[in-house]
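# Fold and contact review
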Amino acid sequence: MCGIFAYQWNKQALPILQRGLERLEYRGYDSAWVCVMDAQGSTKLIKSVGKVSELESKISKQTKGKEEELNAFTRGIAHTRWATHGVASEVNTHPHHDAGNHFYVIHNGIIENHAKLKKQLREKWYTFYSQTDSEVVPALLAEHWTGDLLETVEKVLPLLHGAYALVIMTTHAPNEIVALKRWSPLILWTAPDGFYCSSDMQALAGYATQTVTLSDGELVYIKNNDYIIKAEWKIIKKDLEKLDIKAMDESRGEYETFMRKEIDEQPAIIRRAFMGRVNFDEKAIHADATKYLKDKEIQKVVFVGCGTSYNAGQMGALWMQNIAGIDASAKIASEYMHQRIPTDPKTLHVFLSQSWETADSIEVLKHIKDKGGLTFGIVNVVGSTIATMTDCGFFLRAGYEIGVASTKAFTAQMINILMLTLFLWKKWSLSYDRYTNILHAMKTVPSLMEQIIAQEDAIANVAKEMSRFNNMFFLGRKYEYVVADEGSLKLKELSYIHSESYPAGELKHGPLALIEESFPCVLIAPHDGLFEQNMSSMAEIQSRKWKVLVVSNRETEWADRMITIPSAHPAVMPFLTTMVVQLLSYHVAKELGRDIDKPRNLAKSVTVK
Ligand code: M6R
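Rules used in this analysis
- Residues numbered from 1 in each chain as written.
- Predicted model: local features only at pLDDT ≥ 70, side-chain atom pairs only at ≥ 80, totals over all residues.
- Heavy atoms only, no water.
- Helix = DSSP H or I, 4+ residues; strand = E, 2+ residues; numbered from the N terminus.
- Buried < 20%, exposed > 50% of the residue type's maximum accessible area, 1.4 Å probe, protein only.
- Contact = heavy atoms within 4.5 Å.
- Areas by Shrake-Rupley, 256 points an atom, 1.4 Å probe, with all protein chains shown as cover.
- Lys, Arg positive; Asp, Glu negative; His and termini not counted.
- Charge placed at Lys NZ, Arg CZ, Asp CG, Glu CD.
- Disulfide = S-S within 2.5 Å.
- Polar contact = N/O pair within 3.5 Å; in protein donor to acceptor, adjacent residues only side chain to side chain.
- Near = heavy atom within 4 Å.
- Nonpolar A, V, L, I, M, F, W, Y, C, P; charged D, E, K, R; others polar.
- Domains from an automatic or database assignment.
- Buried area = accessible area lost by both parts, 1.4 Å probe.
- Salt bridge = Lys/Arg side-chain N within 4 Å of Asp/Glu carboxyl O.
- Phe/Tyr/Trp six-rings, centres within 6.5 Å; stacked < 30°, edge-to-face > 60°.
- Lys NZ or Arg CZ within 6 Å of the ring centre and 35° of its normal.

### Side note on the overall build of the chain
Secondary structure summary: the chain contains 19 helices and 27 strands in total. The 609 residues of the chain split such that 59% are buried. Across the chain, contacts joining residues at least 24 apart in sequence account for 70% of those joining residues at least 6 apart. Surface accessibility of the chain: about 24,100 Å² in total, with carbon and sulfur atoms responsible for 49%. Side chains of the chain give 69 positive and 72 negative charges; the mean places of these two sets differ by 2 Å.

Okay, here's the thing in structure tokens:
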């Protein structure tokens, strides 16, 4: 999603901003822009719809032979835009400026009252050139200009509603930059050679040391080689922090795509998740987070997340109920606030997010914290909003996921949830023998996953056939219904093929009406207590001449196509079937020539509500 990068002081800004844009690329975007300014307020602006590499070739064409001249441009702002208001086009790309070309603004988030503000300005005098909500900010700065940048920004701020991060430059005061945040992340890095500002820790990781993470409502005003931070119109002191995160490993090695690399990393990530947390000899789960939960009376668990993270929550709810014996549910974060759910102190709220900034999930977390609820984070990024706001939690230890379609983060979330489930296991729910069976089954997951990878050629062959269809169903029961949900989501986002997921038993209640030969089904049906029921569903499908691909550890002569998987305990089988649906979707997308790591219209971090 949108990304911010800004620099000010004494180095040539353009290469710094270009590198910043490259670091923001993984988030997903559809246009990029860079604007640099010299000490007299002259600007150079270069925009591009498409990849940062396209912007870079524009930059090198436009600046060829003018390298000396560029040394004077020692401040600038750059942005990757993921379209929300207005199509992806040069005119809608940030930074936005006012009619007089004096104020330049980059913006993440949404100005919710932009329509009203635009109307008011239009009625007075103003003509807008873009369809964005963001353009209202430079227009308001021009309207309220007092001759002082900080004062003007402080006059305009109360007029803006919504969640946003902004960085503002003006030709009236070229040595000044204002950056501010309300609900959307922003970090300042005070380096010996200047001030850097980004919406993404990753864009600074590896070289930033002394950073300040702005909190909601805070603003940083940079002038020449100094800065102040203000909150509620008062100057505040904030300690510099050490940015303790590793730079993202941006190399794909021998892999064609990051996604394919990330699929292969899964067994190692699961092994890493156990380290120092699961004692297989003592048959127990220990971690700082579990020490914190030890004395808490937990009667209910609610998982909160979006997309794939929500699917992990659905799996968690089933495990909690079936293994731990605790009432549990999963909630889609963007729906949570509409449901008036009471916050009970005996409920553990588990927040799931591979990134650190999913706005929908953070909104729910803030709400639960305000109500005094008990919170647990299962996240990938140390120091992230969700990690710091929750009472305790587990880190995924999965390393950065660069492919937009989540794979390794999902299985890492699942293994962490399963560990939490086993920790919360109630003796009256499941016998000790059955508890230890699951614990041991968990240990076998990585090697079983490796067996799935070894079957990639067979999966790719089936995927070739799947790629000819325009519609697809994913069906399963219990745990495998959640895998069906995840498989359907993966196929949609990677291949752009329409697909739906259903509990297999629901088919006869409506979806069967869609049956025709061109609408095949993937039935995930391991040989467990539900196998016979799944076979009845298959009979319903086949008697209507539908094609069925069965994913199972038991051969069935009725399947049109089969992917045979190793046997495993039903509670851990989803790790294997998930890998099958990941590889299937990957190969369908590859067959169709899709942009696998950056599917169209999608972003890695979704920072808008
Ligand atoms: O960063 P999060 O885990 O909070 O993101 C939630 C969803 O946006 C994310 O899982 C999305 O559905 C993925 N693209 C799925 O592959």
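### What to know about the state of the cysteines
In total, this model carries 0 disulfides according to the counting rule given. Summary of cysteine pairing: C35 is not part of a disulfide, and the nearest cysteine sulfur, belonging to C197, is at 15 Å. Among the residues examined, C35 registers a relative accessible area of 0% and is labelled buried. Of all cysteine sulfurs, the one in C2 lies closest to C306, which takes part in no disulfide; the gap is 17 Å.

### A word on the environment of E486
Residue placement: E486 occurs in helix α17 (residues 479-495). Expressed as a C-alpha distance, the spacing of E486 and V522, which sit 36 residues apart in the sequence, is 12 Å. A polar contact of 3.1 Å, which involves the side chain of E486, links it to the side chain of T308. In terms of polar contacts, E486 uses its side chain to reach the side chain of N311, at 2.9 Å.

### Thoughts on the side chain of S353
Its location among the elements puts S353 in strand β20 (residues 347-353). Those residues in contact with S353, other than ones at most four positions away along the chain, are S309, T358, I378, V379, N380, I386 and Q413.

### Some words on the site of the ligand
Near the ligand, the surroundings consist of 14 residues, among which S309, S353, S355, T358 and E493 are the closest. In this structure, V404 approaches the ligand through a main-chain N or O atom, which is 3.2 Å from a nitrogen atom. In the complex, the protein chains occlude 91% of the 420 Å² of accessible area that the ligand would expose alone. Of all the secondary structure elements, the ones that give two or more residues to the shell around the ligand are α10 (307-324) and α17. Per-element accounting of the shell around the ligand gives the leading share, 3 residues, to α10. Along the lines of polarity and charge, the residues of the shell around the ligand split into 4 nonpolar, 8 polar and 2 charged.

### Overview of the domain arrangement of the chain
When the parts of a complex come together, some accessible area is lost, and that lost area is often used as the size of the interface. Split into domains, the chain comes out as domain 1 (3-248), domain 2 (250-454) and domain 3 (455-609). Here the C-alpha centre of domain 2 lies 35 Å away from the C-alpha centre of domain 1. Listed by partner, the interface residues are 15 residues for domain 1 and 13 residues for domain 2. Roughly 1,200 Å² of surface becomes buried between domain 1 and domain 2 when both sides are summed, with 61% attributable to carbon and sulfur atoms. Where K366 meets D216, a salt bridge forms, and the shortest distance between an N and an O atom there is 2.8 Å. Seen at the junction of domain 1 and domain 2, the total is 1 residue pair in polar contact (both at pLDDT 80 or more).

### Brief notes about the packing of aromatic side chains
Tallying each qualifying case throughout the model produces 16 aromatic pairs. Ring geometry for W319 against Y479: centres 6.4 Å apart, planes inclined by 50°, an arrangement best described as tilted. Of this pair, W319 sits in helix α10 while Y479 sits in helix α17, and the two are 160 residues apart along the sequence. In this structure, W319 and Y479 share a single accessibility class: buried. Taken together, the aromatic side chains of F5, Y7, W189 and Y196 make up a single cluster linked through ring pairs. In this structure, K118 is placed above the aromatic ring of F128, and the distance from its NZ or CZ to the ring centre is 5.1 Å. Over the ring of F258 we find R252; its NZ or CZ atom is 5.9 Å from the centre of that ring.

### Description of the pattern of salt bridges
In the structure shown here, the tally under the stated rule is 20 salt bridges. For the salt bridge of K238 with E218, the shortest nitrogen-to-oxygen distance reads 2.7 Å. Placement of K238 in the loop between β14 (234-236) and β15 (241-242) and of E218 in strand β12 (residues 218-223) is noted, with a sequence separation of 20 residues between them. Judged by relative accessible area, which is 9%, E218 ranks as buried. One salt bridge connects E265 with K408, and the closest N-O pair in it is separated by 2.6 Å. Taken together, the residues E265 in helix α8 (residues 258-274) and K408 in helix α14 (residues 408-424) connect sequence positions 143 residues apart. When its relative accessible area of 3% is taken as the criterion, K408 is described as buried. Look at the salt bridges and you will find they share partners, linking K181, D216 and K366 into a network.

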